Amino acid sequence: MLTLGHRALADPAMLAIAIAAIVLMLVGALDDTRGVSARLRLGLQVACSGAVIIFGVQLHLVPGRVGTALNVALSILWIVGITNAYNFIDGMDGLAASLGAIIASLLALVAHGNEQPDLVASCAALTGALLGFLPHNLRVGRPAAIFLGDSGSASVGFLLACLAIKEDWSAGHPLVGLAAPVLIFSVLIYDMIQTTLSRIASRRVRSFKDWIDYVGRDHIHHRFTAVLGGQRYALALILTLTLGLGLSALGLRHGTAGQAIIFLLHGALILMVVAVLETAAGRGRSGDDRPGEHL
């Protein structure tokens, strides 16, 4: 992110995002090698989110003074939520890197349509970095040679979350501006919501501490692997689903609030089909979860 050129470095918000991502990367590297508590990592994510918000990286959904505080809270929830959702999805060779590349590419396309060249350059650089990493993480007939680890997944997830809300996707139409990133990140959002609700319903998670400490093989890639009988099939389906829902965001460039609602409902219906498939897979699986740090 620090090698994007003079225009990107001239943007204080972009520089703040880069520095915060580097901090998360370094702490993630420490976690990968020696271990860092989930609570500490979560607290650091909140702090880094607050830091970039100070530089204007936030959602603008609710007007007025009350809306200012609410926008900050929603922005922290978005950044921390997407950062961890991306971390959680990193459970299969090639999945996190290829999914991140697709999301970054979609963000670049939307930014290009809104004439935001600095954001296009940043998203393109991130896409290139992930694609360069992918051949070593997704190899034909052999297991991955390298992994993102918490260092990579935390920093990349944070970058994607921040880039998605750095600019307004639709001036004057908050719902349209919100719909675009929601559609692009819908698979990640769905996976976090689905796993959280299923764990609460099954009483595997009874508190916030349980949630941040829980590790389970009940994510979308685990269930799709069970349904389709192979990880590569699950990978292809998840990427296709992400691309299909994300491309809908491109149609909202000059959209109205009514069109945004229709696009969001369309995405929700598709994910309902996914939920049916995951439920069918879950009935055929025995509990093989294990306790441990999740974040």
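Remember, predicted model here, so these are calculated numbers, not experimental data.

J.: Could you give an account of the packing of aromatic side chains, with specific residues and numbers?
T.: Within this structure, the stated rule accounts for one aromatic pair. Seen in terms of ring centroids, W78 and F185 are 5.4 Å apart; in terms of plane orientation they differ by 80°. Their pairing is edge-to-face. Remark: F185 occurs in the loop between α8 (174-184) and α9 (186-201) and W78 occurs in helix α4 (residues 64-89); sequence separation between them is 107 residues. Note on accessibility: W78 and F185 belong to one class, buried.

J.: Could you give an account of helix α6 (residues 117-137), naming the residues involved and the relevant values?
T.: Taking 1.5 Å per residue as the helical rise, α6 with its 21 residues ought to reach 30 Å, and the 30 Å between its terminal C-alpha atoms agrees with that figure. Among the structural elements, α2 (12-33), α4, α5 (95-113) and α7 (149-165) are those in contact with the buried residues of α6.

J.: Hey, could you go over the nonpolar core for me, with residue numbers and the actual values?
T.: Generally speaking, soluble globular proteins have nonpolar side chains that are buried together. If you look at the biggest cluster of nonpolar residues, it comprises 75 residues, and the most contacted ones within it are V52, W78, Y86, L107, F158, L160 and F185. It is α5 that provides the largest number of residues to this core, a total of 13 residues. Excluding residues that lie within four positions of it along the chain, L107 makes contacts with C123, L160, L163, A164, W169, I184 and F185.

J.: Before we move on, can you summarise helix α3 (residues 38-54) with the specific residues and values?
T.: Look at α3: 25 Å from first C-alpha to last across 17 residues, which is about the 24 Å you get at 1.5 Å a residue. Those residues of α3 lying buried are A38, R41, L42, Q45, C48, S49, V52 and I53. Angularly, the buried residues of α3 cover 140° about the axis, an arc narrow enough to put them on a single face. Looking at α3, the residues exposed on the side facing more than 90 degrees away from the buried face are R39, L40 and I54. One or two steps after α3, the chain reaches G56, where phi turns positive at roughly 95°.

J.: How would you explain the packing of α5 against α7 if you had to name every residue and give the values?
T.: Two elements in contact, α5 and α7, have axes separated by 11 Å at closest approach and are oriented at 15°. Viewed along their axes, α5 and α7 adopt a mutual orientation that is roughly parallel. Crossing handedness for the pair α5 and α7: left-handed. Residues G100, I103, A104 and L107 of α5 lie in contact with α7, whose contacting residues are L160, L163 and A164.

J.: Just give me the short version of the side chain of S153, but keep the residues and values in it.
T.: When you line up the elements, S153 lands in helix α7. Take S153: its relative accessible area is 0%, and that puts it in the buried class. A polar contact is formed between the side chain of S153 and the backbone oxygen of G149, at a distance of 2.9 Å. Those residues in contact with S153 that lie beyond four places of it in its chain are T83, Y86, N87, D90 and L148.

Parameters at a glance
Residues numbered from 1 in each chain as written. Predicted model: local features only at pLDDT ≥ 70, side-chain atom pairs only at ≥ 80, totals over all residues. Heavy atoms only, no water. Phe/Tyr/Trp six-rings, centres within 6.5 Å; stacked < 30°, edge-to-face > 60°. Helix = DSSP H or I, 4+ residues; strand = E, 2+ residues; numbered from the N terminus. Buried < 20%, exposed > 50% of the residue type's maximum accessible area, 1.4 Å probe, protein only. Expected span 1.5 Å × (residues − 1). Contact = heavy atoms within 4.5 Å. Core = buried A, V, L, I, M, F, W, Y, C linked by side-chain atoms within 4.5 Å. Arc of directions from axis to C-beta. Axes fitted to C-alpha atoms, helices over the stretch in contact; angles between N-to-C directions. Parallel < 35°, antiparallel > 145°, perpendicular 65-115°, else oblique. Left-handed = near helix turned anticlockwise from the far one by under 90°. Polar contact = N/O pair within 3.5 Å; in protein donor to acceptor, adjacent residues only side chain to side chain.

So far we have only geometry, and geometry alone does not tell us how the molecule works.
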